[in-house]
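# Results of the structural survey
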Amino acid sequence: MAIFTPSEQVLAAQILKLKQEAGSHSPSIFTFKQKLPQLDIKVDACFLSNPYATELFLEYFNHEIVETGKIRDLLEWYPSQNAVIAEILADFLKLKPEHIFIGNGAIEIIQAIVHNFTEKKILINIPTFSSYYEYAKEGVEVVYNQLLKEHDYAIDIEGYISRVKEEQPDTIVLINPNNPNGAYLTTDELRHIVTELHFVKNIIIDESFIHFAYEDKAFRLISTGNWVEEFPNLIVLKSMSKDFGIAGVRAGYGIMQKEKVSTLLKTGYLWNSNGLAEYFFRLYTRADFAYNYEKVRVKYILETMEFIADLKTIPNIRVYPSKANFVLVEIIGGRSSAEIVSLLLIKYGIYVRTCEDKIGLQGDYIRLASRSKAENDYILQSFRDVFQ
Ligand SMILES: *Cc1c(COP(=O)(O)O)cnc(C)c1O
């Protein structure tokens, strides 16, 4: 790494160490600010959220909670219980409340599902979001279905169906769009898969990035959440962290068979939401918020499409097809992803995610999030500088 000064080399080594300590997730901006205050981070392109949605939430929050002094109630009082918040969501989602389980972030639901309902064997497509295999209990067999680089790490539908039929797992996971590559299964393709795989006890569809995907020119919202009555083995998970830009709030929900919800509630999770999350969930179901959210959602999708198109013109990188708010970028030409990650961070103040810890990727990759228009422009300019 001849491009670094000696002090920058020290910094690069410290960054690497922080990443190693963080395991399969990335060190947060807080960690960097605390441990390496000399780093000047300008853009966090590691975390995958819609920044305009965060601003919208903050506007409501300031106006309705902070300025009115209601913040005291949020802190002083108990929030509603799980089943009460499920009731709030039910009408909005056009579901029966008994089908809804509220989580302290989707990650808690992944843990709850995998711990309680996966008994023998889970089949996971890789590359993927690591929690699905990390939470598998001792004694549960984890089988990986390698997504192929030749297919841009997208699912080969018929191949996948035969693999599941052959392996007979009790749990399968479909993240749509997938993390870390953004590959997308259409609603029709998913229906075909779910129909063919009716014998699998638990089919998890993780829709944490679904608000960024689209199938028509109107960018209509997509969800398989209301398939649960038709397909009782379906478990649809939704994190609010990414598309509403509120990871700090810890809010997510799962839609599943009533019996599954009551099994989970019997083992705990009574007060697993906090006051802030309850405020968010109530806001989420309000027509005025939904109207304003829709505007920032579509604006962000359009800007992301433009960002991805521009990235594709940069040499020495390969941008994989994505319908999420991020792209998997392969570094071609011999430089390692670790080198690129520290170069971007130290020289340009851009934080991107290394994919070295992701199993199932062949080559050197980073995952890059779309941010605000101004930040995206800065990323593009820096990438041209680094890769040209
Ligand atoms: C981020 C993420 C989650 C977890 O989100 P929470 O912040 O816990 O709500 C779940 N699944 C996928 C695929 C994710 O990327």
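Before any of the text, the structure's been laid out above.
Attention here is on the structure that accompanies the text. Just so you know, these numbers come straight off a predicted model, no measurement behind them. (Residues numbered from 1 in each chain as written. Predicted model: local features only at pLDDT ≥ 70, side-chain atom pairs only at ≥ 80, totals over all residues. Heavy atoms only, no water.)

## Quick notes on the packing of aromatic side chains
- Per the stated rule, a full pass over the model turns up 29 aromatic pairs.
- Between Phe 244 and Phe 289 the ring centres are 6.3 Å apart and the planes differ by 25 degrees, which places this aromatic pair in the stacked class. Here Phe 289 lies in helix H12 (residues 287–311) and Phe 244 lies in the loop between strand E7 (234–239) and strand E8 (252–255), a separation of 45 residues in the sequence. Neither Phe 244 nor Phe 289 differs from the other in exposure class; each is buried.
- For the pair Phe 244 and Tyr 293, a centre-to-centre distance of 4.1 Å together with 20 degrees between the ring planes defines the contact as stacked. Taken as a pair, Phe 244 in the loop between E7 and E8 and Tyr 293 in helix H12 lie far apart in primary sequence, 49 residues in all.
- For Tyr 293, a relative accessible area of 4% gives the class buried.
- Grouped by ring-pair contacts, the aromatic residues Phe 57, Tyr 60, Phe 61, Phe 92, Phe 244, Tyr 253, Tyr 279, Phe 280, Phe 281, Tyr 284, Phe 289 and Tyr 293 constitute a single cluster.
- Lying over the aromatic face of Phe 117, Lys 260 brings its terminal NZ or CZ to 5.9 Å of the ring centre.
- Cation over ring: Lys 299 sits above Tyr 52, and NZ or CZ is 4.4 Å from the ring centre. (Phe/Tyr/Trp six-rings, centres within 6.5 Å; stacked < 30°, edge-to-face > 60°. Helix = DSSP H or I, 4+ residues; strand = E, 2+ residues; numbered from the N terminus. Buried < 20%, exposed > 50% of the residue type's maximum accessible area, 1.4 Å probe, protein only. Lys NZ or Arg CZ within 6 Å of the ring centre and 35° of its normal.)

## Comments concerning the state of the cysteines
- Under the definition given, this model contains 0 disulfides.
- No disulfide involves Cys 46; its sulfur sits 9.2 Å from the nearest other cysteine sulfur, which is in Cys 355.
- Cys 46 sits in the buried class, given a relative accessible area of 7%.
- By relative accessible area, Cys 355 is classed as buried at 3%. (Disulfide = S-S within 2.5 Å.)

## Comments concerning helix H6 (residues 106–117)
- Over its 12 residues, H6 extends 16 Å from the first C-alpha to the last, a length consistent with the 16 Å expected when each residue adds 1.5 Å.
- Buried within H6 are the following residues: Ala 106, Glu 108, Ile 109, Ile 110, Ala 112, Ile 113, Val 114 and Phe 117. (Expected span 1.5 Å × (residues − 1).)

## A few points about the site of the ligand
- Around the ligand, a shell composed of 14 residues is seen, among which Ala 106, Asp 206, Ser 239, Ser 241 and Lys 242 lie nearest.
- In this structure, Ala 106 approaches the ligand through a main-chain N or O atom, which is 2.7 Å from an oxygen atom.
- Between Ser 241 and the ligand, the recorded distance is 2.6 Å, taken from a side-chain N or O atom to an oxygen atom.
- Protein burial of the ligand: of its 390 Å² of free accessible surface, 94% is covered by the chains.
- If you tally residues by element for the shell around the ligand, the top one is H6, at 3 residues.
- Tallied by class, the residues present in the shell around the ligand amount to 6 nonpolar, 5 polar and 3 charged. (Near = heavy atom within 4 Å. Polar contact = N/O pair within 3.5 Å; in protein donor to acceptor, adjacent residues only side chain to side chain. Areas by Shrake-Rupley, 256 points an atom, 1.4 Å probe, with all protein chains shown as cover. Nonpolar A, V, L, I, M, F, W, Y, C, P; charged D, E, K, R; others polar.)

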